[in-house]
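These are the residues of each chain, in order.
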Amino acid sequence: MSLPADLLAVAPSPSPSGSPAVTVPSLQDAQESANQAASWVEQNWSTWLAIGLRVVLILVTAAVLRVVVRRAITQLIERMNRTAQAGNAGTSLGGLLVNAERRRQRSAAIGSVLRSVASFLIMGTAALMVLSTFQINLAPLLASAGVAGVAVGFGARNLVTDFLSGVFMILEDQYGVGDTIDAGVASGEVIEVGLRVTKLRGDNGEIWYVRNGEVKRIGNLSQGWATAGVDVTVRASEDLDRLRATLTEVAEKMSKEEPWNEFLWSPIEVLGLDSVLIDSMVVRVSARTMPGKSTAVERELRWRIKRAFDAADIRIVGGATAPATEEEAPDPMATVAAPSVFSNTASPQAEAAAPIVPQRPAPK
């Protein structure tokens, strides 16, 4: 069945505005276009299939590799954590020096950093491989990324410095949450450790945000042990043997009571005379304590020493030089000023300081 000729070729109707006539494609032209598209698809479907399979293979491989690497990092961190626990458990102070919560936080931070770096490298490499599969020239993209990286590096060098300092700080375990540190620019208790900023709680309750790149030195007051030292100033006339016996008694009694027997990691020692002056002397008492407990031990030790000295009639002097004792009678003339030569009007000094009286001329 053939179509009439007037349907195959439609004559354009005259346009009142004089615009050119619109040519409507015929059915034969549409059939030829469809045949060309089908032949093009038939010729290139294998290429499309190969590209698609390659992209799927790249993405699947990247995903599997990412999962494997992240799991390996997690197992490595857990194994290092167990090894550290076993090594510290064999030491005499292992149970006291190791903080399980701090170790867990440090391991979690290290694992998070390593997993993030591994994911970025694997997925970034996969994205570049996918782009190269689509025959995209990566040279301009890599060059632009290099220039942008250099520009960002110069503009954000402080941020990079803070990040690298935070990574090395966590890896080296310089401090952790709960430690009391002196960072130079600020000091206090660490309440949060980040890769860029460390948050400290000061002695008065203030919160300090310290950039990791700005810290040049760290003094950790919570690692190992601390020292509690008390200086006692007494009169130079006190009996040294009685003084040492009183301090030793206080130290032995305090070392046996709770909770001070846990805070004290060494016996309280009377180190001896720290300084000797004409009318006073300083005796130093020291002990090794648990980290962060030195202040509490010093306060309790001062309290007990004061009570023991009061009971033993040993007087504590408030300064380097002792004031006058009660046995010495005060001088009643100490507050009387020395007599002045100007109080006698007939003295040479008073006459020299008197105003000159003008002399009147004698009457004629």
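Residues numbered from 1 in each chain as written. Predicted model: local features only at pLDDT ≥ 70, side-chain atom pairs only at ≥ 80, totals over all residues. Heavy atoms only, no water.

Caption draft 1: Geometry of the overall build of the chain. Scanning the chain for helices and strands turns up 10 helices and 8 strands. If you take every contact in the chain between residues at least 6 apart in sequence, the share linking residues at least 24 apart comes to 64%. (Helix = DSSP H or I, 4+ residues; strand = E, 2+ residues; numbered from the N terminus. Contact = heavy atoms within 4.5 Å.)

Caption draft 2: How the structure looks around a nonpolar patch on the surface. On the surface, V160, F163, L164, F168 and L171 cluster together into a nonpolar patch covering about 450 Å² of accessible area. Within the secondary structure layout, F168 lies in helix 6 (residues 157-172). (Patch = residues over 30% accessible without salt bridge, like charges linked within 9 Å, V, L, I, M, F, W, Y side chains within 5 Å. Areas by Shrake-Rupley, 256 points an atom, 1.4 Å probe, with all protein chains shown as cover. Salt bridge = Lys/Arg side-chain N within 4 Å of Asp/Glu carboxyl O.)

Caption draft 3: Representation of the packing of aromatic side chains in the model. Under the defined criterion, the tally for this structure stands at 1 aromatic pair. With a centroid separation of 5.8 Å and an interplanar angle of 80°, the aromatic rings of W260 and F263 are classed as edge-to-face. One end of the pair, W260, and the other, F263, are both in helix 8 (residues 260-263), 3 residues apart, so they sit about a helical turn from each other. A cation sits over an aromatic face here: R288 above W225, 3.8 Å from the ring centre. (Phe/Tyr/Trp six-rings, centres within 6.5 Å; stacked < 30°, edge-to-face > 60°. Lys NZ or Arg CZ within 6 Å of the ring centre and 35° of its normal.)

Caption draft 4: Main features of the sheet that holds strand 1 (residues 180-182). Taken together, the 5 strands give an open sheet; going across it, the order is 4-3-2-1-5, and neighbouring strands pair in antiparallel fashion. Each end of this open sheet is capped by a strand with a single partner; those strands are strand 4 (207-211) and strand 5 (219-220). The sheet contact formed by strand 1 and strand 5 spans 2 bridges and is antiparallel. Residue pairing for strand 5: D182 is matched across the bridge by G219. (Pairing = 2+ DSSP bridges.)

Caption draft 5: The sheet that holds strand 8 (residues 280-289), seen in detail. Pairing in this open sheet of 3 strands is antiparallel, and the strands run 6-8-7 from one edge to the other. At either margin of the open sheet sits one strand with a lone partner, and together these are strand 6 (226-235) and strand 7 (269-276). Across the sheet, the mean angle separating the axes of adjacent strands is 25° when strand polarity is ignored. Bridge analysis of strand 7 against strand 8 gives 6 bridges, and the strand direction is antiparallel. Across the sheet, residue S275 finds its bridge partner in strand 8, namely V282. The strands touched by helix 9 (residues 294-311) are strand 6 and strand 8; relative to strand 6, the strand with the most contacts, the crossing angle is about 25°. (Axes fitted to C-alpha atoms, helices over the stretch in contact; angles between N-to-C directions.)

Caption draft 6: Highlighting the environment of M290. Counting through the fold element by element, M290 comes out in the loop between strand 8 and helix 9. Beyond its immediate chain neighbours, meaning those up to four positions away, M290 contacts A226, E262, F263 and W265.

Caption draft 7: Fine view of the confidence of the model for the chain. Per-residue pLDDT for the chain averages 75, and the proportion of residues at 70 or more is 72%. Mean pLDDT values over the elements of the chain span from 41, in helix 3 (residues 94-97), up to 90, in strand 4. Segment residues 1-13 is flagged for pLDDT under 50; beyond a separation of four residues in sequence, or across chains, it makes 3 contacts in the model. The low-confidence segment residues 90-98 (pLDDT under 50) makes 8 contacts with residues lying over four places distant or belonging to another chain. (pLDDT = per-residue confidence, 0-100.)

Caption draft 8: Looking closely at the nonpolar core. Counting 24 residues, the largest nonpolar core has I268, L301, I305 and F309 as the members making the most contacts within it. Setting aside residues up to four positions removed in sequence, L301 forms contacts with V230, V250, M254, I268 and V285. Core analysis: the second largest hydrophobic core is formed by 14 residues, I77, M169, V190 and V215 among them. (Core = buried A, V, L, I, M, F, W, Y, C linked by side-chain atoms within 4.5 Å. Buried < 20%, exposed > 50% of the residue type's maximum accessible area, 1.4 Å probe, protein only.)

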